[in-house]
Amino acid sequence: MTTLVEPPTRGPLAGIQSLELEITGKCQLTCTHCLSESSPQASHGEMTPADWLSVIIDAAALGVRTIQLIGGEPTTHPNWRQFTEVALSLDQNVEVFSNLFHVAEDWWSVFERNGVTLGTSYYSDDPDEHDRITGRTGSYVRTRTHIREAVNRGITIRAGIVEVLPGQRVQEARAELLSMGVQPDRIRMDRARAVGRAMLPGQGPTLDEMCRQCTRGRAAILPNGDLAGCVLSRDFPAGNVRETRLAELFGGQEWHDLAARIPEPVRNACTPNDSSDCNPASTTACGPKY
């Protein structure tokens, strides 16, 4: 049984509306373009459950309204439900960004909670193409089945379609999501960004690949405790929550300097709290995690 935490006294708003918590690098899939290079062999990182709870509580004190649990696959972390319950007790909204490869029966009651939404990735209406991208045979069938179940249960779900392969059936994937009952405004498409496994040989990380909303209303905490402008900008940390409290980091010089380096956003770029990563939007200004 999770002990509910009383909301702390709210301090000044740090300007962050949405905080991505990359609680693990572990994942059942090995997507060819994964920015965190997650896999079944990866770990949950250096952050302890107590560290994550401190971040959630500190975020609530700063007025952060949305917590996004991401990975890797966040449901592989043994404490993801506890993190969700604590965030809800602090009047925060929670999005669980899952590959929906595996959903235990008792998880549905968590996803059905007021304030909880689901996010997922979908690549093609062709099972072979979808599975080729995820690196796991059967992932298309499992994800599709669980999307349908979520819709049937009335759970709010959004889906990002990332174009990874030449000629990929992204429009057909969108049509299939619509046929399953996913709302049109909850489906976004974009190209893969050159981060993690999507980088070409010899290519290094660059802020030019970012969505330009990094640090502007959003931030991310990585499995090692690093603070980043979003999960895509993971190679440009601005301190670490295992060493410094969140409010101090947001008010610090490193965060200020990082924000100054992010190019100005283009018109109609992604909104800060639309996704668990730099959201899959129908604009080249923004790119998703998966």
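Rules and cut-offs
Residues numbered from 1 in each chain as written. Predicted model: local features only at pLDDT ≥ 70, side-chain atom pairs only at ≥ 80, totals over all residues. Heavy atoms only, no water. Salt bridge = Lys/Arg side-chain N within 4 Å of Asp/Glu carboxyl O. Helix = DSSP H or I, 4+ residues; strand = E, 2+ residues; numbered from the N terminus. Buried < 20%, exposed > 50% of the residue type's maximum accessible area, 1.4 Å probe, protein only. Pairing = 2+ DSSP bridges. Contact = heavy atoms within 4.5 Å. Axes fitted to C-alpha atoms, helices over the stretch in contact; angles between N-to-C directions. Parallel < 35°, antiparallel > 145°, perpendicular 65-115°, else oblique. Left-handed = near helix turned anticlockwise from the far one by under 90°. Nonpolar A, V, L, I, M, F, W, Y, C, P; charged D, E, K, R; others polar. Phe/Tyr/Trp six-rings, centres within 6.5 Å; stacked < 30°, edge-to-face > 60°. Lys NZ or Arg CZ within 6 Å of the ring centre and 35° of its normal.

- In the annotation of an unreviewed UniProt entry, the chain is listed under the name Radical SAM protein and assigned to Streptomyces pakalii.

1. Description of the pattern of salt bridges
- For the structure shown, the criterion picks out 12 salt bridges.
- Between Arg153 and Glu105 there is a salt bridge, with the nearest N and O atoms lying 3.2 Å from each other. Of this pair, Arg153 sits in the loop between α5 (139–152) and β5 (157–163) while Glu105 sits in the loop between β3 (93–97) and α3 (108–111), and the two are 48 residues apart along the sequence.
- With a relative accessible area of 30%, Arg153 lands in the partly exposed category.
- On the basis of relative accessibility, which here comes to 58%, the residue Glu105 falls in the exposed class.
- A salt bridge links Arg169 to Asp125; its shortest N-O distance comes to 2.5 Å. Of this pair, Arg169 sits in the loop between β5 and α6 (170–180) while Asp125 sits in the loop between β4 (116–121) and α4 (127–134), and the two are 44 residues apart along the sequence.
- Judged by relative accessible area, which is 33%, Arg169 ranks as partly exposed.
- Beyond isolated ion pairs, a larger network of salt bridges with shared partners links Glu105, Glu112, Glu149 and Arg153.

2. Focus: the sheet that holds β4
- If you trace the 8 strands from one edge of the open sheet to the other, you get β6-β5-β4-β3-β2-β1-β7-β8, paired in mixed fashion. At either end of the open sheet lies a strand with only one pairing partner, and these are β6 (187–191) and β8 (227–228).
- In the sheet, strand β2 (residues 66–70) pairs with β3 via 4 bridges, with the strands oriented parallel. Paired with Leu69 across the two strands is Val96, which belongs to β3.
- Each of β2, β3 and β4 is contacted by helix α2 (residues 80–89), which is oriented at about 155° to β3, the strand it contacts most.

3. A few points about the packing of helix α1 (residues 49–61) against α2
- Between α1 and α2, whose axes approach to 10 Å, the crossing angle comes to 20°. The orientation of α1 with respect to α2, classified from their angle, is roughly parallel. The handedness of the crossing between α1 and α2 is right-handed. Side by side, α1 and α2 meet where Pro49, Trp52, Leu53 and Ile56 of the first sit next to Gln82, Phe83, Val86 and Ala87 of the second.
- A class-by-class count of the residues in the contact of α1 with α2 yields 7 nonpolar, 1 polar and no charged.

4. Quick notes on α2
- For α2, the tally of buried residues reaches 8 of 10 residues, placing the bulk of the element in the interior.
- All buried positions along α2 are accounted for by Trp80, Phe83, Thr84, Glu85, Val86, Ala87, Leu88 and Ser89.
- On its buried face, α2 is in contact with α1, β2, β3, α3 and β4.
- Where α2 terminates, the next one or two residues include Asp91, which has phi positive at roughly 65°.

5. Remarks on the packing of aromatic side chains
- This structure, assessed with the given rule, holds 5 aromatic pairs.
- Between the aromatic rings of Trp108 and Phe111, the centroid separation amounts to 5.8 Å while the plane-to-plane angle is 85°, which identifies the pairing as edge-to-face. Within this pair, Trp108 and its partner Phe111 are both found in helix α3, separated by 3 residues, close to a single helical turn. Neither residue differs from the other here; Trp108 and Phe111 are each classed as buried.
- Ring-pair connections join several aromatic residues into one group, and the members of that group are Trp80, Trp107, Trp108 and Phe111.
- The ring of Phe101 carries Arg142 above its face, with NZ or CZ at 4.2 Å from the centroid.

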